[in-house]
Amino acid sequence: MNDLFAKYKESITLSYQYAFRLLLHLKNVISASQQIIPSGNELLKEVYRDSIVKKYEILEDQLWKLLSKIFKASGLELNSPRACYRQAFIEGWIEQIDIWDDILSATAHVYNEDDYEKIMQKIVNEYVYQLEALLQKIKEEVIDNDVWN
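The paragraphs below set out a description of the structure included in this document. (Residues numbered from 1 in each chain as written. Predicted model: local features only at pLDDT ≥ 70, side-chain atom pairs only at ≥ 80, totals over all residues. Heavy atoms only, no water.)

### Some words on the side chain of S68
- Mapped onto the secondary structure, S68 falls in helix α2 (residues 42-73).
- Among the polar contacts listed, one links the side chain of S68 to the backbone oxygen of L78, at a separation of 2.7 Å. (Helix = DSSP H or I, 4+ residues; strand = E, 2+ residues; numbered from the N terminus. Polar contact = N/O pair within 3.5 Å; in protein donor to acceptor, adjacent residues only side chain to side chain.)

### Some thoughts on α2
- When the terminal C-alpha atoms of α2 are compared, their 47 Å separation across 32 residues agrees well with the 46 Å that a helix rising 1.5 Å per residue should span.
- Trailing α2 by a residue or two, G75 shows a phi angle of about 100 degrees, which is positive. (Expected span 1.5 Å × (residues − 1).)

### Some details on the packing of aromatic side chains
- Under the counting rule described, the total for this entry stands at four aromatic pairs.
- Here Y85 and W100 contribute two aromatic rings whose centre-to-centre distance is 4.6 Å and whose plane-to-plane angle is 45 degrees, an arrangement assigned as tilted. Of the two residues, Y85 sits in helix α3 (residues 81-91) while W100 sits in helix α4 (residues 97-105), which places them 15 residues apart along the sequence.
- Its relative accessible area of 1% is what places Y85 among the buried residues.
- Residue W100 is classed as buried on the basis of its relative accessible area, which comes to 1%. (Phe/Tyr/Trp six-rings, centres within 6.5 Å; stacked < 30°, edge-to-face > 60°. Buried < 20%, exposed > 50% of the residue type's maximum accessible area, 1.4 Å probe, protein only.)

### A short note on the pattern of salt bridges
- Tallied over the full model, the rule gives ten salt bridges.
- Put simply, E117 and R49 hold a salt bridge, and the shortest N to O gap is 3.7 Å. Of this pair, E117 sits in helix α5 (residues 113-143) while R49 sits in helix α2, and the two are 68 residues apart along the sequence.
- What emerges from the salt-bridge pattern is a single network uniting R49, D50 and E117. (Salt bridge = Lys/Arg side-chain N within 4 Å of Asp/Glu carboxyl O.)

### Notes on the environment of Y56
- Among the secondary structure elements, Y56 is positioned in helix α2.
- Along the backbone, Y56 and Y116 are 60 residues apart, and their C-alpha atoms lie at a distance of 13 Å.
- When neighbours within four sequence positions are excluded, Y56 is seen to be in contact with L26, I103, A106, T107, I123, Y127 and L131. (Contact = heavy atoms within 4.5 Å.)

Now the structure itself:
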């Protein structure tokens, strides 16, 4: 297993750093949007909402791909988000797998403005916390852990 981790160390580290930067950007946009929303500018609200949803989608995509690399380095070939999140649950990195089922399907069924607004609220109020917690677990268990040696 150590040989595999050594092979993927740089790729995993870079993917983690990128995912962490995406998380910071998402949180910054959320913070900025919360300062703007009371102003009543509907166009600006829509721009922030769209930015939050898009940044979330990119982060979630990067996160499951990071997990896929980590598990591949340990000898598991997991090539779907659902499989990666289930394995992360098995590893103890995710506490509530049902939330991750929601995270996976969050932006798949957007049909109108109300749906889009509800998804943005879930991202802000629930999903960001879950994504951040998983990244923290990855940092503790993989990045900061001396599994590379």
